[in-house]
There are 4 protein chains.
Amino acid sequence: MPESNVAEPSDRNEGEVSGAKVIAQALKTQGVEYMFGIVGIPVTEIAFAAQELGIRYIGMRNEQAACYAASAIGYLTGRPGVCLVVSGPGLIHALGGMANANMNCWYTECCMSPPVSMAETPAVCMAASVIRNAKQPLLIIGKGAAYAHAEKNIRKLVEQCKLPFLPTPMGKGVVPDNHPNCVGAARSRALQFADVIVLLGARLNWILHFGLPPRYRPDVKFIQVDICAEELGNNVRPAVTLLGDINAVTKQLLEEFDKIPWQYPPESKWWKTLREKMDSNEAASKELASQKSPPMNYYTVFYHVQEQLPRDGFIVSEGANTMDIGRTVLQNYLPRHRLDAGTFGTMGVGLGFAIAAAVLAKDRSPGQRVICVEGDSAFGFSGMEVETICRYNLPIIILVVNNNGIYQGFDTDTWNEMLKSQDATIAAPPACLLPNSHYEQVMIAFGGKGYFVQTPEELQKSLRQSLADTTKPSLINIMIEPQATRKAQDFHWLTRSKM
Amino acid sequence: MPESNVAEPSDRNEGEVSGAKVIAQALKTQGVEYMFGIVGIPVTEIAFAAQELGIRYIGMRNEQAACYAASAIGYLTGRPGVCLVVSGPGLIHALGGMANANMNCWYTECCMSPPVSMAETPAVCMAASVIRNAKQPLLIIGKGAAYAHAEKNIRKLVEQCKLPFLPTPMGKGVVPDNHPNCVGAARSRALQFADVIVLLGARLNWILHFGLPPRYRPDVKFIQVDICAEELGNNVRPAVTLLGDINAVTKQLLEEFDKIPWQYPPESKWWKTLREKMDSNEAASKELASQKSPPMNYYTVFYHVQEQLPRDGFIVSEGANTMDIGRTVLQNYLPRHRLDAGTFGTMGVGLGFAIAAAVLAKDRSPGQRVICVEGDSAFGFSGMEVETICRYNLPIIILVVNNNGIYQGFDTDTWNEMLKSQDATIAAPPACLLPNSHYEQVMIAFGGKGYFVQTPEELQKSLRQSLADTTKPSLINIMIEPQATRKAQDFHWLTRSKM
Amino acid sequence: MPESNVAEPSDRNEGEVSGAKVIAQALKTQGVEYMFGIVGIPVTEIAFAAQELGIRYIGMRNEQAACYAASAIGYLTGRPGVCLVVSGPGLIHALGGMANANMNCWYTECCMSPPVSMAETPAVCMAASVIRNAKQPLLIIGKGAAYAHAEKNIRKLVEQCKLPFLPTPMGKGVVPDNHPNCVGAARSRALQFADVIVLLGARLNWILHFGLPPRYRPDVKFIQVDICAEELGNNVRPAVTLLGDINAVTKQLLEEFDKIPWQYPPESKWWKTLREKMDSNEAASKELASQKSPPMNYYTVFYHVQEQLPRDGFIVSEGANTMDIGRTVLQNYLPRHRLDAGTFGTMGVGLGFAIAAAVLAKDRSPGQRVICVEGDSAFGFSGMEVETICRYNLPIIILVVNNNGIYQGFDTDTWNEMLKSQDATIAAPPACLLPNSHYEQVMIAFGGKGYFVQTPEELQKSLRQSLADTTKPSLINIMIEPQATRKAQDFHWLTRSKM
Amino acid sequence: MPESNVAEPSDRNEGEVSGAKVIAQALKTQGVEYMFGIVGIPVTEIAFAAQELGIRYIGMRNEQAACYAASAIGYLTGRPGVCLVVSGPGLIHALGGMANANMNCWYTECCMSPPVSMAETPAVCMAASVIRNAKQPLLIIGKGAAYAHAEKNIRKLVEQCKLPFLPTPMGKGVVPDNHPNCVGAARSRALQFADVIVLLGARLNWILHFGLPPRYRPDVKFIQVDICAEELGNNVRPAVTLLGDINAVTKQLLEEFDKIPWQYPPESKWWKTLREKMDSNEAASKELASQKSPPMNYYTVFYHVQEQLPRDGFIVSEGANTMDIGRTVLQNYLPRHRLDAGTFGTMGVGLGFAIAAAVLAKDRSPGQRVICVEGDSAFGFSGMEVETICRYNLPIIILVVNNNGIYQGFDTDTWNEMLKSQDATIAAPPACLLPNSHYEQVMIAFGGKGYFVQTPEELQKSLRQSLADTTKPSLINIMIEPQATRKAQDFHWLTRSKM
């Protein structure tokens with residue numbers, strides 16, 4: 001049934017109305033609190049029925065974004081989020097969100113509180129023993145740890161055993177990024193030389209370079225802690241596998257270290273190596289960040305953002321360099337407060353995620369802010385959801401880090417020069433976007449605040465104003481050097497340009 | 001491979017570069033002239049390689065829109081359009097476009113010019129005989145007739161036999177809408193009382209009410225002309241089926257009517273009935289259109305648009321009432337010059353279609369304009385493609401017919417009143433959008449022209465200016481009565497409100 | 001719902017009974033005359049209801065065979081055959097049959113007689129012209145010609161233009177195999193040196209070596225006549241494509257050759273080459289066939305079978321060498337009287353096909369026989385259907401050409417020697433079957449006649465008796481030399497052993 | 001690539017040969033010991049290569065059976081079994097086996113020994129407490145318990161706590177069927193009145209009536225022990241869920257009952273009720289079994305089989321009443337020694353399963369027998385595998401319990417009378433098979449022993465001879481009353497005839 005059918009179902013009978021109510025009631029019974037979607041024949045009645053039962057219905061502008069929002073609700077609350085779409089094209093548009101949720105292992109829960117499983121005792125003993133014998137240990141804290149609410153026990157493990165740890169993108173905040181044992185600033189070094197790595201709900205996918213040399217020692221011993229048996233032993237053969245709920249298993253490990261107390265020596269060469277690398281990396285970043293004359297680079301931008309970032313804010317992010325560099329500079333202090341493009345690297349998720357987080361914050365902790373850090377290309381995938389943000393009056397702060405392109409763009413002069421003699425349909429480079437696009441006006445169009453900033457001072461001021469206004473959304477369009485890149489990396493291919 | 005991988009493939013070897021070139025060369029050999037997409041690792045090189053070979057690469061903002069654009073190129077040129085996306089999420093986002101192309105039977109052609117088949121002679125004879133004996137005949141001209149380039153022969157058939165005809169949405173323009181034999185203004189009546197209906201590349205789907213009573217006589221005889229055998233006999237059992245290329249079969253029919261000349265009497269009661277109904281419908285529309293005081297209604301808007309519409313313009317449209325009413329008022333004079341949400345009723349197709357048509361027009365008939373008529377909800381599905389339009393400097397005119405909602409919305413006062421005591425996340429009706437949204441600023445953000453119009457005069461003026469500027473895109477945000485509906489219909493369920 | 005559920009639906013209400021009747025009535029209305037399947041909860045009632053309405057229900061022993069039988073009915077009658085299976089495992093077992101039907105392009109017809117399309121006139125002219133200018137022409141008659149009932153017109157084309165022709169396996173009999181223009185005995189030569197090949201409902205799949213060198217001249221011109229546009233231009237780029245019903249298009253070609261009469265010179269060098277090759281090939285086959293001392297080879301067997309084969313018999317066949325060599329020796333004189341493993345090379349189809357043909361013959365031409373020529377491995381796929389044959393008293397003659405293996409086997413002495421020191425689960429070669437298996441006893445087990453034959457005389461006698469008994473099925477288990485192969489071929493890889 | 005291609009790959013180059021070896025070596029490395037399949041181009045080389053590496057290759061007669069055999073190896077050994085088929089039809093034929101394996105949760109293991117998880121401690125405490133407070137407790141032991149090798153701990157739990165238990169079909173033998181606490185003979189009663197049910201690796205599917213009234217008390221408390229989180233809470237909401245390895249969790253439960261010892265009172269009213277029901281049911285069965293005059297009924301047959309059944313034999317079974325009644329009479333004393341049609345009720349699995357078990361027994365415990373109990377209809381699905389059994393000399397004993405039909409058949413006189421005036425294709429009832437079919441001759445055809453038995457004495461004698469011959473397979477075709485049914489049941493629909 002197409003969504004724009006001219007025939008409206010006004011001659012529906014009572015039975016059909018009840019159908020919508022039955023669905024809404026079933027969702028309510030399953031603990032559904034939030035529904036995202038786009039109405040159309042014949043699902044409009046379901047939205048009405050849901051509202052009548054107290055379920056929040058948030059109308060979005062494209063099913064893609066609706067589905068991403070529903071996924072985020074599932075991740076943040078541990079309860080199912082629902083995406084309401086018409087059949088046919090609506091369902092197909094929503095597939096992106098469903099695939100993304102799947103890839104990130106957000107399966108929403110059934111109504112029953114999920115059962116918790118633990119690892120078998122001998123395997124826990126063996127894992128503890130492997131950790132005790134490590135010369136250069138490392139914990140990697142993944143999204144699974146966040147989803148399992150394992151923050152208290154993992155922090156205890158880190159502190160009691162004095163172990164260095166590294167969060168994955170969405171594992172950030174399980175232990176605060178500014179914890180002295182966090183070695184995020186020496187990420188590559190830590191991965192490359194660790195001899196024992198404990199994976200706490202983190203998967204050896206492309207983000208972790210599949211666990212393979214040269215990014216890892218060929219003889220590294222992995223201890224995998226995961227809820228999913230099928231995941232264990234993928235890509236590498238682990239030394240020990242601990243199948244179970246990540247919180248429960250961490251507790252089991254702690255019990256082992258209670259029985260025979262042990263801590264990794266804080267004066268070890270490994271800690272020294274890591275600290276030195278962290279110091280030099282941070283110095284390099286600060287050097288870049290300290291650059292005052294416009295155009296700004298990524299580091300300048302993120303250092304100023306970090307200065308004003310509220311400790312309890314949600315950070316949502318997507319993009320290429322924007323997400324990757326932002327992740328290293330922007331700190332998370334609380335678990336489940338970072339949402340990004342995830343395992344699948346999906347573009348278009350940002351605004352949906354931000355909306356979900358903001359709706360939740362409005363209900364549960366008024367005053368808590370959502371900062372959505374978008375590359376300019378990434379913003380284009382779902383930018384029209386700004387209307388949704390304004391309609392529901394969600395005080396989200398969107399930062400568009402704008403380099404006029406995908407990976408890299410051009411400044412206006414170069415662009416104009418390039419297209420002087422040839423039409424843009426012939427000569428525009430595939431990765432370039434229109435220079436000096438005023439994305440902030442998309443926000444202004446719907447009544448929010450918009451800022452176009454080119455200097456650190458403008459950035460600081462616009463951030464201050466945006467944070468001060470707790471009732472309205474803002475979009476800060478931050479112009480950076482179009483050819484800005486990352487700082488030099490140990491693995492050269494991370495920074496070499498491809499154009 | 002995720003699209004935002006931090007590792008850039010700068011260490012690619014020659015073999016990989018060649019891979020991209022091989023793909024581009026193969027596409028070129030297949031006659032591909034246009035490619036739409038979003039670059040990302042590892043497909044950026046393919047875009048570069050295609051450009052080097054003279055293929056136009058148009059970078060879009062969401063794979064959905066890219067895929068819709070590629071589909072439209074296939075329909076308009078009869079040659080394959082290509083959509084370039086990264087694997088994983090990019091491919092999934094593109095599914096909407098692929099499903100839509102499928103549903104609308106745009107299969108792009110292989111390089112070889114497709115073979116043409118004709119209907120068997122006895123069946124053609126029988127069809128001619130059924131037509132000759134019709135008391136109340138009707139031709140329905142579908143999208144298949146447009147795709148088959150059958151305009152010359154179908155017009156000859158209409159004029160030689162003096163038959164009334166009705167175009168389907170995308171069959172409009174095969175014979176001009178203002179042809180005296182066009183009975184579009186008496187559509188319901190024509191369908192309901194015809195005793196013989198010749199379907200020329202038109203399918204009995206929901207748009208044609210599946211060919212069933214009460215919208216048709218129970219004893220109506222259908223003559224189906226179609227290229228696809230599986231389509232024949234769906235929903236109804238036709239009196240005659242003519243399997244073959246629609247142009248070739250129409251020619252066969254003409255040969256029959258050359259052998260034994262025949263024409264349907266212009267003074268028949270059937271023609272009289274149809275003409276009377278057309279007159280009264282047109283009078284009712286004009287009455288509605290003549291309403292001068294704001295807020296405007298759909299008819300006022302479309303009558304003014306029609307007045308200024310260039311005869312050779314492409315009309316692209318999507319939305320609910322916007323598309324349905326617009327279709328009855330806006331005239332097509334040329335075949336393959338209307339693109340809309342189609343059989344599947346897919347929202348989000350408009351801007352991609354408009355971009356494809358504009359890129360083509362730029363190449364093939366500079367000066368030819370593209371008018372994109374969007375409902376406000378429809379615009380939200382792919383509104384960010386406005387940046388693409390500005391980047392490539394495509395002088396598309398976008399009309400957003402804005403009633404603040406899906407089907408129906410509210411004015412600002414009602415909206416504010418409604419949300420005075422309750423948060424929008426609780427109380428906003430599912431089908432409502434933000435009142436008075438300034439969609440025109442989305443165009444201004446990227447350097448195009450934007451107009452916010454509330455009166456017929458403002459509409460006339462903004463249209464005039466937009467048409468006069470042949471170098472820049474415009475967006476006219478046309479505010480209408482939020483509760484505006486269609487004029488009364490014979491079948492009451494077409495107009496009854498559902499809220 | 002599993003098929004062996006202990007709970008029987010005896011507490012069904014009237015509504016459910018009606019459900020089965022509704023389905024049966026709908027099938028009846030669609031012209032279904034035959035249903036093959038295996039009953040189980042909840043489909044048993046459908047079988048009963050179908051029988052009550054006069055539909056024949058044939059209960060089979062495995063859904064695979066049921067589905068193959070239903071497919072064959074569709075091919076033979078042009079009306080849909082139905083396969084009745086339980087959901088779950090029954091449906092999955094039936095997939096083989098459905099895939100096979102698809103691959104062989106048996107889509108059953110809807111109730112309406114299918115419309116016929118013709119090729120466009122200019123393409124027909126061009127095809128005639130290409131044929132006229134051919135130096136070494138060849139017609140290939142495919143299964144599509146048989147399905148289109150094109151036998152009368154194709155024979156006229158062959159005879160009027162004096163063209164050499166070659167049938168594909170299931171195209172055999174459209175023009176009788178013993179027609180003087182049939183060059184089947186020089187197949188490889190004809191394909192390799194023809195300069196113009198007309199494909200009449202034949203596809204360039206693996207059976208026709210994909211139309212590629214070295215099996216064809218690189219400059220061969222193909223004229224493709226097919227009902228399916230997607231098929232045209234696959235693998236090769238044809239000189240002319242004629243899209244339409246094969247019978248109708250052949251008639252169009254004949255009309256061209258009526259307008260400007262033409263015939264290919266019977267004294268041409270091409271005919272001379274072909275005739276010489278046919279003579280030498282036939283001599284070689286006869287030489288092999290004349291070998292009298294056991295064990296027999298394939299040619300001896302098939303020459304004796306051919307001697308007694310009724311002219312109007314259905315030949316069903318599957319296996320490797322059995323099907324391939326049998327096809328060259330066993331003659332078809334009538335169209336649609338050969339059914340074999342087809343395009344897909346599917347094993348297990350034979351008995352299902354034979355049952356369908358025999359049920360049909362019983363109804364439509366009592367006395368007409370079905371000869372099912374099976375390799376011993378092939379027979380194993382569905383041998384239990386012999387019970388079905390006996391239960392329904394279908395006088396099928398099954399020939400199992402038994403070489404104790406797949407491709408090749410061993411005699412009893414070699415087998416015993418081989419397994420003297422090692423268990424069969426370790427040492428039995430993968431392609432070997434048990435030597436001297438008495439497949440005929442599978443027939444005797446259910447009351448049919450069984451013969452175990454080792455000499456030409458025994459073969460002759462058993463065939464005579466089987467043909468004489470028109471009321472009972474027989475199975476003749478024909479022992480041949482286990483290492484028997486084909487005669488030498490021009491393309492050496494056709495005869496080289498692989499063990 | 002079709003399996004019967006005339007072109008043999010004798011011109012393969014070294015690279016291709018290595019391909020087969022690489023595959024075989026990879027399988028060997030993964031611990032594969034057994035491969036079942038049907039060779040054909042291009043997989044023959046893989047079979048050879050596997051044999052060279054010491055993998056057993058068992059050539060079957062239909063891919064269906066090959067796949068069922070491979071599944072059974074996986075279940076029995078906990079290591080992957082492999083099914084080798086050609087692409088195309090071979091793969092499709094194998095789908096039945098793959099679907100069946102999936103439905104029965106046989107996912108074969110990766111090379112690494114699977115990690116073991118336990119339930120969380122508080123949930124174990126709660127489960128123990130619920131059990132302690134049960135008035136009418138029941139353990140249900142499922143196939144998952146067998147697969148987890150939990151027999152030792154489950155038996156300890158049964159005996160220590162003195163709990164009544166009920167095995168599911170493939171859970172039989174985890175604790176011996178003749179254990180005094182087994183209440184299998186009062187199955188319906190036990191399910192219907194238990195107030196607390198512990199599911200140990202058993203799922204609430206149709207075999208367990210989905211856990212719903214009237215087969216269960218509406219207030220029954222389920223404690224679910226399962227390895228699969230998705231399975232927990234299906235159909236019913238359990239009181240406690242214990243997620244983890246079934247053996248490990250049972251051990252956790254035992255530890256709870258060690259801490260605070262508890263046992264269910266053997267003199268309780270519940271035990272009394274169950275024992276009385278068991279006694280009366282067993283008396284009724286014995287009454288039926290004692291019937292001496294032919295034709296025999298199911299109970300007579302199974303009681304005589306049970307008398308001679310070796311304690312360590314594998315029992316394989318499929319059919320409707322044959323499997324259902326056989327399951328109640330034939331005793332299992334060892335875990336993983338029963339294989340039947342399973343959750344999916346798949347027909348055609350029997351011979352494949354029996355072959356797998358027999359190949360395994362030959363290797364691991366020579367002398368151990370496989371008894372395959374088949375309904376006559378079930379046997380037809382894969383009866384040709386008898387040749388495989390004979391070829392590999394597997395001393396399987398096949399019992400065909402023959403009632404001339406599916407559910408019910410007719411005797412010869414009734415059958416002949418019924419078909420006197422009408423052809424069988426018109427008048428044969430869908431569920432009937434040929435009366436007095438001599439299935440034993442299918443075994444004789446390939447050199448095994450065949451018996452046709454009609455009396456208890458003949459049955460006893462043939463069983464004795466079959467068991468005595470440890471080198472040869474036998475098939476005993478046991479004729480029973482064609483209208484034989486089950487004894488009367490508490491739930492009337494279990495016994496009401498449907499014909």
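Residues numbered from 1 in each chain as written. Chains lettered and ligands numbered in written order. Predicted model: local features only at pLDDT ≥ 70, side-chain atom pairs only at ≥ 80, totals over all residues. Heavy atoms only, no water.

Draft legend 1. Representation of the overall build of chain A in the model. Within chain A, the secondary structure is distributed over 19 helices and 17 strands. Look at the contacts in chain A between residues 6 or more apart in sequence, and 74% of them connect residues 24 or more apart. Accessible surface for chain A amounts to roughly 17200 Å². Of this, 54% is attributable to carbon and sulfur atoms. (Helix = DSSP H or I, 4+ residues; strand = E, 2+ residues; numbered from the N terminus. Contact = heavy atoms within 4.5 Å. Areas by Shrake-Rupley, 256 points an atom, 1.4 Å probe, with all protein chains shown as cover.)

Draft legend 2. The arrangement of the confidence of the model for chain A in detail. Residues and elements named next belong to chain A. Chain-level statistics for chain A give a pLDDT mean of 87 and a share of 87% at 70 or above. Overall, residues 1-16 carries pLDDT values under 50, and its contacts beyond four positions in sequence, including any with other chains, amount to 47 contacts. Segment residues 102-106 is flagged for pLDDT under 50; beyond a separation of four residues in sequence, or across chains, it makes 15 contacts in the model. Scoring of the predicted complex yields 0.84 for pTM and 0.90 for ipTM. (pLDDT = per-residue confidence, 0-100.)

Draft legend 3. Main features of the sheet that holds strand β1 (residues 34-37) of chain A. All names here are of chain A. Pairing is parallel in the open sheet, where three strands are placed in the order β2-β1-β3. Either end of the sheet is taken by a strand with one partner, and the two such strands are β2 (56-59) and β3 (82-84). Pairs of neighbouring strands in the sheet enclose a mean axial angle of 25°, with direction left out of account. With three bridges connecting them, β1 and β3 associate as parallel partners. Paired with Gly 37 across the two strands is Leu 84, which belongs to β3. Contacting β1, β2 and β3, helix α2 (residues 44-52) crosses the sheet at an angle of about 160° to β1. Its contacts with the sheet put helix α13 (residues 350-364) on β1 and β2, and the angle it makes with β1 is roughly 150°. (Pairing = 2+ DSSP bridges. Axes fitted to C-alpha atoms, helices over the stretch in contact; angles between N-to-C directions.)

Draft legend 4. Spotlight on the state of the cysteines. Going through the model one piece at a time under the given rule, you end up with zero disulfides over all chains. Free of any disulfide, B:Cys390 has its nearest cysteine sulfur in B:Cys372, 13 Å distant. Left without a disulfide partner, C:Cys161 is nearest to the cysteine sulfur of C:Cys125, which lies 14 Å away. (Disulfide = S-S within 2.5 Å.)

Draft legend 5. Local environment of unusual backbone geometry. Omega for the bond connecting C:Pro213 with C:Pro214 falls within 30 degrees of zero, at 5°, which places this linkage in the cis form. On the secondary structure map, C:Pro214 appears in the loop between β7 (196-200) and β8 (221-226). Of note, A:His149 is a non-glycine position whose phi angle comes to about 55°, a positive value. Its location among the elements puts A:His149 in the loop between α6 (143-147) and α7 (151-161). On the accessibility criterion, A:His149 (46% relative accessible area) is partly exposed. (Buried < 20%, exposed > 50% of the residue type's maximum accessible area, 1.4 Å probe, protein only.)

Draft legend 6. Just the nonpolar core, in detail. Counting 280 residues, the largest nonpolar core has A:Phe36, A:Leu242, A:Ile398, B:Phe36, B:Leu242 and B:Ile398 as its most contacted members. Counting 279 residues, the second largest nonpolar core, distinct from the first, contains C:Ala69, C:Leu166, D:Leu27 and D:Leu163. (Core = buried A, V, L, I, M, F, W, Y, C linked by side-chain atoms within 4.5 Å.)

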